[in-house]
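Each chain is listed here by its residues.
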Amino acid sequence: MFNNIPPITRNIIIINIVVFILTYVLQTDLMYRYLAAFYPFSPFFHSWQIITHMFMHGSFLHILFNLMTLYSFGPVLEQVLGDKKYVILYFVSGLGAFFLFNLWNFVEVELIKSSLQNLGFDLAGYMNGENVSFKGNSEAVLEQQGLVNKLQSIISVPMVGASGAIFGVIAAFATLYPDAKIMLMFIPVPVKVKYLMPVVIIVSIYLGVTGNAGGIAHLAHVGGALVGFILAKIWKKHLYRFN
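Residues numbered from 1 in each chain as written. Predicted model: local features only at pLDDT ≥ 70, side-chain atom pairs only at ≥ 80, totals over all residues. Heavy atoms only, no water.

### Describing the packing of helix α5 (residues 83–118) against helix α7 (residues 138–156)
Link 1 in the chain: α7 packs onto α5 with a crossing angle of 150 degrees between their chain directions and a minimal axis gap of 10 Å. Relative to α7, the element α5 lies roughly antiparallel. Relative to α7, α5 is oriented so that their crossing is left-handed. In this structure, α5 contributes Asn-105, Glu-108, Val-109, Ile-112, Ser-115 and Leu-116 to the contact, and α7 contributes Gln-144, Leu-147, Val-148, Lys-150, Leu-151 and Ile-154. (Axes fitted to C-alpha atoms, helices over the stretch in contact; angles between N-to-C directions. Helix = DSSP H or I, 4+ residues; strand = E, 2+ residues; numbered from the N terminus. Parallel < 35°, antiparallel > 145°, perpendicular 65-115°, else oblique. Left-handed = near helix turned anticlockwise from the far one by under 90°. Contact = heavy atoms within 4.5 Å.)

The following block contains the structure:
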């Protein structure tokens, strides 16, 4: 099967599989600590994570879905765009996913900080590791605890997966071939990608902004898709001129 996949897509799939196997064989948090992408203002963040997180996955179903999707859409774009543009599409989409996801994280962190300060919570002391107590009545204490837990989650829970990059690939495919039809498990008839993609993006934005993410970085998907759409729009005008 691998011999029939173009080289860039094949190598990306192989690297993802190797990293996934190593992560589970070694059974260590070190790979997540250093290779997953933490919030840029987190003490756990390292610059290389903006790339390495694209090769980390949290579960078998996570990597299976991502790689099957890449296998479905990647080869076509690799052949049409050429190696250089395809690599740019993949990794810049992944960077776009990281940027938009953490831009929203930054907005949420600032809102949390403002809310905690308004409630009289000593945020500076808490961030410095001091033993800080919650203030006010029981309702205020519960609100502060919830805000602190959310802040801790943003800082300490990393982003993993190739989903942002792959959403860029899907968006580029939908831009170049809007009338192409694909089959989905829960829809019994083929659907044109130009109809399906906007629905997916709108749902992703809603889930990401409302906080109903369920552990999925929906806004990362939106960021990747946005980059893929922009790049495909630019390249579409000159696609055959430069290939």
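More follows now that the structure is in view.
### Overview of the environment of Ala-180
Link 1 in the chain: Along the chain, Ala-180 turns up in the loop between α8 (163–176) and β1 (181–184).
Link 2 in the chain: You can call Ala-180 partly exposed: its relative accessible area is 22%.
Link 3 in the chain: With 35 residues separating them in the primary sequence, Ala-180 and Gln-145 have C-alpha atoms 49 Å apart. (Buried < 20%, exposed > 50% of the residue type's maximum accessible area, 1.4 Å probe, protein only.)

### A look at the pattern of salt bridges
Opposite charge on two side chains makes pairing possible when the charged atoms of those side chains draw close.
Link 1 in the chain: Taken as a whole and judged by the stated rule, the model has four salt bridges.
Link 2 in the chain: Between Glu-110 and Lys-113 there is a salt bridge whose closest N-O contact spans 3.8 Å. One end of the pair, Glu-110, and the other, Lys-113, are both in helix α5, three residues apart, so they sit about a helical turn from each other.
Link 3 in the chain: Residue classification places Glu-110 among the partly exposed positions, given a relative accessible area of 35%.
Link 4 in the chain: Look at Lys-113 and you get partly exposed, because its relative accessible area is 30%.
Link 5 in the chain: The salt bridge partner of Lys-192 is Asp-179, with a shortest N-O separation of 3.7 Å. In this pair, Lys-192 sits in strand β2 (residues 187–192) while Asp-179 sits in the loop between α8 and β1, placing the two residues 13 residues apart along the sequence.
Link 6 in the chain: Given the relative accessible area of 45%, Asp-179 is considered partly exposed.
Link 7 in the chain: Overlapping salt bridges, with partners in common, bring together Asp-179, Lys-192 and Lys-194 in one network. (Salt bridge = Lys/Arg side-chain N within 4 Å of Asp/Glu carboxyl O.)

### Focus on α5
Link 1 in the chain: If you check α5, its first and last C-alpha atoms are 53 Å apart, about what 36 residues at 1.5 Å a residue would give, namely 52 Å.
Link 2 in the chain: One or two residues past the end of α5 sits Gly-120, with phi positive at roughly 85 degrees. (Expected span 1.5 Å × (residues − 1).)

### Comments concerning the confidence of the model for the protein
Parts of the model with low pLDDT should not have their predicted coordinates read in detail.
Link 1 in the chain: With 93% of its residues at a pLDDT of at least 70, the protein reaches an overall mean of 86.
Link 2 in the chain: Considering each helix and strand of the protein separately, the mean pLDDT is smallest for helix α11 (residues 239–242), with a value of 55, and largest for helix α3 (residues 49–52), with 96. (pLDDT = per-residue confidence, 0-100.)

### Description of the environment of Ser-153
Link 1 in the chain: Looking at the secondary structure, you find Ser-153 in helix α7.
Link 2 in the chain: Classification of Ser-153 by relative accessible area gives partly exposed; the value is 35%.
Link 3 in the chain: Separated by 70 residues in the primary sequence, Ser-153 and Gly-223 place their C-alpha atoms 21 Å from one another.

### Observations concerning the packing of aromatic side chains
For any pair of aromatic rings, the description consists of the separation of the ring centres together with the inter-plane angle of the planes.
Link 1 in the chain: Tallied over the full model, the rule gives ten aromatic pairs.
Link 2 in the chain: Aromatic side chains Phe-41 and Phe-106 sit 6.0 Å apart centroid to centroid with 45 degrees between the ring planes, which places their arrangement in the tilted category. Of this pair, Phe-41 sits in the loop between α2 (30–35) and α3 while Phe-106 sits in helix α5, and the two are 65 residues apart along the sequence.
Link 3 in the chain: Judged by relative accessible area, which is 63%, Phe-41 ranks as exposed. (Phe/Tyr/Trp six-rings, centres within 6.5 Å; stacked < 30°, edge-to-face > 60°.)

### Brief notes about helix α9 (residues 193–210)
Link 1 in the chain: With 18 residues, α9 ought to run about 26 Å at 1.5 Å a step, and its terminal C-alpha atoms sit 25 Å apart, in line with that.
Link 2 in the chain: By the burial criterion, the buried members of α9 are Val-193, Leu-196, Met-197, Ile-201, Ser-204 and Gly-208. The buried residues of α9 occupy an angular sector of 130 degrees when projected down its axis, which confines them to one face. Within α9, the exposed residues directed more than 90 degrees away from the buried face are Tyr-195, Ile-202 and Tyr-206. (Arc of directions from axis to C-beta.)

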